[in-house]
Amino acid sequence: MSVLETQGLTKEFGDLRAVDEMDFEVDSGEIVGIIGPNGAGKTTLVNLLTGVLDATSGEIVFDGKSLKGSPVHDRAQAGLVRSFQIPRVCDDLTLVENVRSAILSRDQKNNSLFTVLDWENDTRAEAVGLLDEFGLAKKRETEAEAIPHGDKKILDVCMSVAMRPKLLILDEPTSGVATENKYAIMDRLQNFFETSDSAVLFIEHDMELVADYAERVVAMDQGRKLIDGTPEEVLEDQTVKQRIRGEE
Ligand SMILES: Nc1ncnc2c1ncn2[C@@H]1O[C@H](COP(=O)(O)OP(=O)(O)OP(=O)(O)O)[C@@H](O)[C@H]1O
């Protein structure tokens, strides 16, 4: 069942069509990679999905409902969450406190009948459980400023997951991380998302990571969808090889 569907989604900046009649779908639980050369429209597409930008034309249907006019925060509450956007890691707080702050922002709307004490106990247990699932249990009482950059990225994803997304968008989840650590991060994300109902849409420039971790790949060029298929189909496509992988 599709959790996200776009129809004719278009964004113009003056004469430029940054996103041009994009039609695509993401199914529940699926891990989809988006690839494309610089300027292909990937970030603009994500900004349209999350509500940071308004579309010039076209439709976005999320979880069966049109998102027309829906602001960023409402989309996040409805389960369309972009990591590195809401919520943000706070350096002065421990990892557990950071995850609890994400749970708090989720529960502010949902659980007004909770007593403070129940909330304290339940959120702590939930935060500890989530950190454990992402391999951060040992560092849970450490302040976020003291953990390595790669762990911070995992923490950010963990906090986004605390929002209980139906679709989580990750914008280059391993950017700024040393090559030797990229696979460790992706493995931890994959371990979690393989058994979760959350769909994941990740933008990635590293084709080896896309080949290894995406279940499906959407290739974009000049605002348009070039091809949509399995990693093998897309990465071996001649146009993708020339336009995106830089091969002759
Ligand atoms: N606010 C804006 N105003 C005008 N043009 C914009 C704006 N944002 C993006 N663009 C243009 O839209 C096109 C698509 O940009 P976008 O950032 O979405 O591409 P991208 O695929 O994410 O690229 P990259 O991989 O380099 O991040 C580019 O030509 C860019 O210059």
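What counts and how
- Residues numbered from 1 in each chain as written.
- Predicted model: local features only at pLDDT ≥ 70, side-chain atom pairs only at ≥ 80, totals over all residues.
- Helix = DSSP H or I, 4+ residues; strand = E, 2+ residues; numbered from the N terminus.
- Rg over C-alpha atoms; globule rule 2.2 N^0.38 Å.
- Contact = placed C-beta atoms within 7 Å.
- Pairing = 2+ DSSP bridges.
- Buried ≥ 20, exposed ≤ 12 C-beta atoms within 10 Å, placed from the backbone.
- Right-handed = clockwise from strand over helix to strand, strands pointing away.
- Near = placed C-beta within 6 Å.
- Nonpolar A, V, L, I, M, F, W, Y, C, P; charged D, E, K, R; others polar.
- Axes fitted to C-alpha atoms, helices over the stretch in contact; angles between N-to-C directions.
- Parallel < 35°, antiparallel > 145°, perpendicular 65-115°, else oblique.
- Left-handed = near helix turned anticlockwise from the far one by under 90°.

The name an unreviewed UniProt entry assigns to the protein chain is ABC transporter ATP-binding protein, from the organism Natrinema soli.

The number of helices and strands found in the protein chain is nine helices and ten strands. For the protein chain, whose C-alpha radius of gyration is 18 Å, the value lies close to the compact-globule estimate of 18 Å for 248 residues. The principal-axis extent of the C-alpha atoms belonging to the protein chain is close to 60 × 40 × 35 Å. Put simply, of all contacts in the protein chain between residues at least 6 apart along the chain, 68% involve residues at least 24 apart.

Here we have four strands laid out as an open sheet, ordered E2-E1-E4-E5, and antiparallel in their pairing. With one partner strand each, in any of the chains shown, strand E2 (16-27) and strand E5 (65-66) form the two edges of the open sheet. Pairing of strand E4 (residues 57-62) with E5 involves two bridges; the strand directions are antiparallel. The residue bridging Phe-62 from the neighbouring strand is Lys-65, located in E5.

Across the five residues of strand E8 (residues 199-203), five count as buried, placing the element largely inside the fold. Pairing of strand E3 (residues 31-35) with E8, which is carried by four bridges, proceeds in the parallel orientation. Bridging from a neighbouring strand, Ile-34 pairs with Ile-203 of E8. Across five bridges, strand E7 (residues 167-171) lies against E8 in parallel orientation. Residue pairing for E8: Leu-170 is matched across the bridge by Phe-202. The parallel pair E7 and E8 is bridged by helix H6 (residues 179-194), and the resulting crossover is right-handed.

A few words on the site of the ligand. Every residue near the ligand is listed here: Phe-13, Leu-16, Ala-18, Gly-36, Asn-38, Gly-39, Ala-40, Gly-41, Lys-42, Thr-43 and Thr-44. Those elements that place two or more of their residues in the shell around the ligand are E2 and helix H1 (42-50). Examining the composition of the shell around the ligand, we find that three residues originate from one element, H1, more than from any other. For the shell around the ligand, the class distribution of residues is four nonpolar, six polar and one charged.

Judged by pairing direction, the sheet is mixed, and its six strands sit side by side in the order E6-E7-E8-E3-E9-E10 without closing on themselves. Every other strand in the sheet has two partners, leaving strand E6 (80-82) and strand E10 (224-229) as the edge strands with one partner each. The mean inter-strand angle of the sheet, taken between neighbouring strand axes irrespective of direction, is 20°.

Further remarks concern the packing of helix H5 (residues 149-162) against H6. The geometry of H5 relative to H6 is characterised by a closest axis approach of 10 Å and an angle of 20° between their N-to-C directions. The pairing of H5 with H6 is recorded here as roughly parallel in orientation. Taken as a pair, H5 and H6 cross one another with a handedness that is right-handed. Of the residues in H6, those touching H5 at Gly-150, Lys-153, Ile-154 and Val-157 are Asn-181, Ile-185, Arg-188 and Leu-189. For the contact of H5 with H6, the residue count by class is four nonpolar, two polar and two charged.

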